[in-house]
Amino acid sequence: DIGRLLVSSLDLDLILDAIVEKARGLLGAESGLVRTLEPETGILRLLRGTNIPRGLTTWHDLRVGEGVSGRAVAEGRPVWSRNTSEDPALSQRPATRERLRQEGFRGALAVPIRTRECIFGALALRAAGPRDFTRDEVALLESLAQFAGIALNNAKLYADLAAQVTSLKQAQ
């Protein structure tokens, strides 16, 4: 499904939404999201998401190293927590930890999304209750993040090509 979409569409939002929804469905997670890294600020912002609680987009920017998504980006590897509201290994602002607890999210898994040039951001899933993710689930989410990276590379190539075509037309 995702592979066909990658070769048949350049609509990045459509592809990322499909990846998030596929990850959520296959791993049985309550919500899924893609965060993008702003390299100049070190902030991870919500780019796409499925079943995200109301208000999340306005309060849930993360710093690199914060939460599972921030750690996945900082460390360049998958990061998960059985219970984010009680995990001392996770660096989280107290308000963020409390808000996630109030929203009912406990288990979380995030993997970095890589493009050819850099780590673009993270693909993350959240579970309502405490959750132990298996190695197979981690590997599956990593595979879906690779698809996201391919889609991002394709979108950049297409944008670069379109800019070159425009430039050539203007030069004529």
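Placed above this text is the structure.
Please read all numbers here as calculations on a predicted model, not as lab measurements. (Residues numbered from 1 in each chain as written. Predicted model: local features only at pLDDT ≥ 70, side-chain atom pairs only at ≥ 80, totals over all residues. Heavy atoms only, no water.)

Caption draft 1: Quick peek at the sheet that holds strand β1 (residues 31-38). Judged by pairing direction, the sheet is antiparallel, and its 6 strands sit side by side in the order β3-β2-β1-β6-β5-β4 without closing on themselves. In the strand order of this sheet, the two ends are held by β3 (62-63) and β4 (79-81), each with one partner. Where β4 and strand β5 (residues 108-114) come together, 3 bridges link them in antiparallel fashion. Looking at β5, one finds that S81 is bridged to A108. Of the strands in this sheet, β1, β2 (43-50), β3, β4, β5 and β6 (119-126) are in contact with helix α4 (residues 67-75), which crosses β5 at around 35°. (Pairing = 2+ DSSP bridges. Helix = DSSP H or I, 4+ residues; strand = E, 2+ residues; numbered from the N terminus. Contact = heavy atoms within 4.5 Å. Axes fitted to C-alpha atoms, helices over the stretch in contact; angles between N-to-C directions.)

Caption draft 2: Broad picture of the pairing of β6. Counting buried positions over the 8 residues of β6 gives 7, a clear majority of the element. Sheet topology note: the β1/β6 ladder contains 6 bridges and is antiparallel. In the sheet register, T36 faces β6, and the bridge partner there is G121. The sheet contact formed by β5 and β6 spans 7 bridges and is antiparallel. Its bridge partner being in β6, P112 is matched across the sheet by A122. Between β5 and the antiparallel strand that follows it, β6, lie 4 residues. (Buried < 20%, exposed > 50% of the residue type's maximum accessible area, 1.4 Å probe, protein only.)

Caption draft 3: Looking closely at the nonpolar core. Counting residues in hydrophobic clusters, the biggest one holds 22 residues, and the most contacted among them are I19, V34, L109, I113, L123, L125 and L141. Those elements giving two or more residues to this core turn out to be α2 (12-27), β5, β6 and α6 (135-171). Sort the elements by how many residues they give to this core and α6 lands first, with 7 residues. When residues no more than four places from it in sequence are discounted, the contact partners of L125 are A23, R24, L27, A29, S31, G32, G107, A108, L109 and L141. (Core = buried A, V, L, I, M, F, W, Y, C linked by side-chain atoms within 4.5 Å.)

Caption draft 4: Structural view of the side chain of R131. Its location among the elements puts R131 in the loop between β6 and α6. At a separation of 2.6 Å, a polar atom in the side chain of R131 contacts the side chain of E137. Excluding anything up to four places from it in sequence, R131 contacts L27, G28, A29, S81, R82, G107 and E137. (Polar contact = N/O pair within 3.5 Å; in protein donor to acceptor, adjacent residues only side chain to side chain.)

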